[in-house]
Every structure is written in C-alpha cells, then in structure tokens.
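Now for the letters of each chain:
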Amino acid sequence: MAQKRLSVVVTRRLPEAVEARLRELFDVELNETDVPMSRDALADAMKRCDVLVPTLTDTIDQAMLAGAGDRLKLIANYGAGVDHIDVGTARQRGILVSNTPGVSADDTADMAMALIIAVARRLPEGIRQMAAGEWTGWSPSNMLGSRIAGKRLGILGMGRIGQAVARRAHVFGMQVHYHSRKRLHAETESELKATYWESLDQMVSRMDVLSVNTPHTPSTFHLMNARRLKLMKPETVIINTSRGEVIDENALTRMLRSGELAGAGLDVFENGSDVNPRLRELENVVLLPHMGSATVEGRIEMGEKVIINIKTFDDGHRPPDLVVPGML
C-alpha cells in the first residue's frame, strides 16, 4: 500500500517551479490568489495540515499555536527570518520549525550597496528630475552627491549578509568596520579587512555609513534607538535591509527631517507596509518595497530549501535547517 502523502498548506504564492515540485511530492494546498491569509484562515489551516509553509506576512504566535491541530508537526518557513513565529512555543507543542538561511545573502547585500550608492549619489532625485523634464543640461553644481570610496562603513550584524556587504564595500574602496554579537575568527576578519568594534556606541559615532544587517529579536528591537541615532554624525547615511524593528523609525524620521542625519536607504519598515508618511516626503531618503531578496533565482532557491526540509522530515530525519530557540 502506498504511503499516505503529507498534507501541506502554503500561505502565499511561490514560484511556479516550486509549486509544481510541491504538487509532485505532497498533498499540497496552494494560495492561488496570493492574498495574505486572514488570522482565522491561517488558524483553520493549522488545524488540518501536517506541514505549514508560511512567510513573513503570517504571524504565528502563542495563541495561534495553542489552537493548532494535533496533525501539525512542521512549520517550514519560506524565508530566513523567523521573528513572526513563536519558535519556543512551537517546540513545546512538539512542532518543528525550519527556515531557509543563506539563500538571500548575496541578493540582499547587492541591495544594500545599491542603496548606499543611491543615497550618496542622489539617484532618485536625478531620476525624478529627468522624468519631470526639468533637466536643462550639465552644470558644475547640479545634483552633487558624496563619494563613497574612502568612507567608513559600519556594519551592524556580521552574519552571512553582513559579510557579503563587507566584500562588496571593500571593492568600492570603503573602509569596513563592524559590530556583531560574536566577533569573527581572525582569518575571516583579515580576509574581509574588517575592523571590529566591541562598543556599538563608539562605532556608530565614527562612521560615514551604517548598514543594518541584524535580525529582529527581542534583544535587537530598537537597537538603533533615539539615543544611539543621536551619536551619529550629521553627515552619516543609514541603510537598513534587515528588519524595520531594529531602528526606532519615528526617531529616525525626526532626525532626517531636521538634518541631524544626511540620509537613509530603507528596504524594510518598523510597521511593515504601513510606512511613516513623513518618510515619503524626504528628498534624502530612498524607500524600497522590501526588495532585498527579490530575485527569481533567490526565490526559487528558497523554495528548494523548503522542499528539502519537508522531504527530510517526511523521511523521518531532522530537517537540515531546523530552528531552535537557542539560535535566536
């Protein structure tokens, strides 16, 4: 008799190749509309499936997990960040959680560098000037930006993405500095030509550009708070391609408006898609709709990792990308 196939619910639309492979392997329910599930719909899905494949738009908290059915044994997250999942409660209820680490490091680092250049060289302003037909010709004083070669880049969080940013920044001639929960091994530090700062306060006060590349955890919420933002030089540019909650967005907005910071490039926001309207008004800010990992190749690789995690679990083994509370 053929073995019963796992019941898998996918909460958002995934690349076609990934969905096709999921159909081949499992009894899968897909979200054809790509509209985020309501809380009630998500709760219902968690009662009737063996495996849930959520994304960062799905909040799976203690209350949701308390109502999950006995069938649910694996939450195979489509994405590296798991701050939207109560991993500790899931483990207590015997539900494993996996993610897709490492896939988007290069794509996100590319976006961080793109934002550094876009803010420093005022690219969006130039694009708007051309689109409006306002450009009247070259001028020695028109659209002057800042050179990035020779500038000090501080990287907050030197994991996979932070290291990928460091490699790119070095090619552009930037001086690389970093603060991280754990210092890199000496050989890695030497390879990246990166200077470690034990004190985050001291580092941010001396940088020309700060790139935020740390995950959102209880300990990193508002890590860049009003006090720490005020330590930065008025000429500093801040870039965030990690999680919006790491920066106090209201304090950042006030300082950008008052000229206490030179500019910002933001791909993520503290309240998700609810972006502070005052940020939209600022010429010295580049805003992107969470595009850091948005490449075809990256999204397919994420899906492949999800499939490997589910298939390994189905075969009776530990998913290779298992998340445990101690990792957070």
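Rules used in this analysis
- Residues numbered from 1 in each chain as written.
- Predicted model: local features only at pLDDT ≥ 70, side-chain atom pairs only at ≥ 80, totals over all residues.
- Heavy atoms only, no water.
- 1 Å grid on protein atoms, 1.4 Å probe; cavity = no way out; pocket = protein on both sides within 12 Å on 5 of 7 lines; lining within 4 Å.
- Points joined across faces, edges and corners; volume = space filled by probe spheres on them.
- Helix = DSSP H or I, 4+ residues; strand = E, 2+ residues; numbered from the N terminus.
- Nonpolar A, V, L, I, M, F, W, Y, C, P; charged D, E, K, R; others polar.
- Phe/Tyr/Trp six-rings, centres within 6.5 Å; stacked < 30°, edge-to-face > 60°.
- Buried < 20%, exposed > 50% of the residue type's maximum accessible area, 1.4 Å probe, protein only.
- Contact = heavy atoms within 4.5 Å.
- Salt bridge = Lys/Arg side-chain N within 4 Å of Asp/Glu carboxyl O.

**Considerations on the layout of surface pockets**
Computed from the structure, the second largest pocket encloses a volume of approximately 320 Å³. As for the second largest pocket, its lining consists of 24 residues, and the residues nearest its centre are Val-119, Ala-120, Ser-146, Val-237 and Ala-262. When contributions to the lining of the second largest pocket are tallied by element, the ones reaching two or more residues are helix 5 (105-120), helix 6 (123-131) and strand 12 (285-287). No other element matches helix 6, which puts four residues into the lining of the second largest pocket. Across the lining of the second largest pocket, the residue classes break down as 12 nonpolar, four polar and eight charged.

**Details of the packing of aromatic side chains**
Under the defined criterion, the tally for this structure stands at one aromatic pair. With 5.2 Å between their ring centres and 50° between their planes, Tyr-178 and Tyr-196 make a pair best called tilted. With a gap of 18 residues between them, Tyr-178 in strand 7 (residues 175-179) and Tyr-196 in strand 8 (residues 194-196) connect regions that are remote in the sequence. Assessed through its relative accessible area of 21%, Tyr-196 is described here as partly exposed.

**Quick word on unusual backbone geometry**
Phi at Asp-34 is positive, roughly 65°, even though this residue is not glycine. Residue position: Asp-34 is located in the loop between strand 2 (27-29) and helix 2 (39-48). You will see that His-222, though not glycine, has its phi angle at about 50°, which is positive. Along the chain, His-222 turns up in the loop between strand 9 (209-212) and helix 10 (226-229).

**A closer look at the environment of Lys-230**
Counting through the fold element by element, Lys-230 comes out in the loop between helix 10 and strand 10 (237-240). Expressed as a C-alpha distance, the spacing of Lys-230 and Leu-156, which sit 74 residues apart in the sequence, is 16 Å. The contact partners of Lys-230, leaving out residues within four places of it in the chain, are Met-255 and Glu-260.

**So, the pattern of salt bridges**
Across all of its chains, the model carries 23 salt bridges by this definition. Two residues, Asp-110 and Arg-168, come together in a salt bridge whose shortest N-O distance is 2.6 Å. Taken together, the residues span a long stretch of sequence, with Asp-110 in helix 5 and Arg-168 in helix 7 (residues 160-171) at a distance of 58 residues. You can call Asp-110 partly exposed: its relative accessible area is 40%. Counted as one network, the salt bridges with shared partners bring together Arg-13, Glu-19, Arg-23 and Glu-32.

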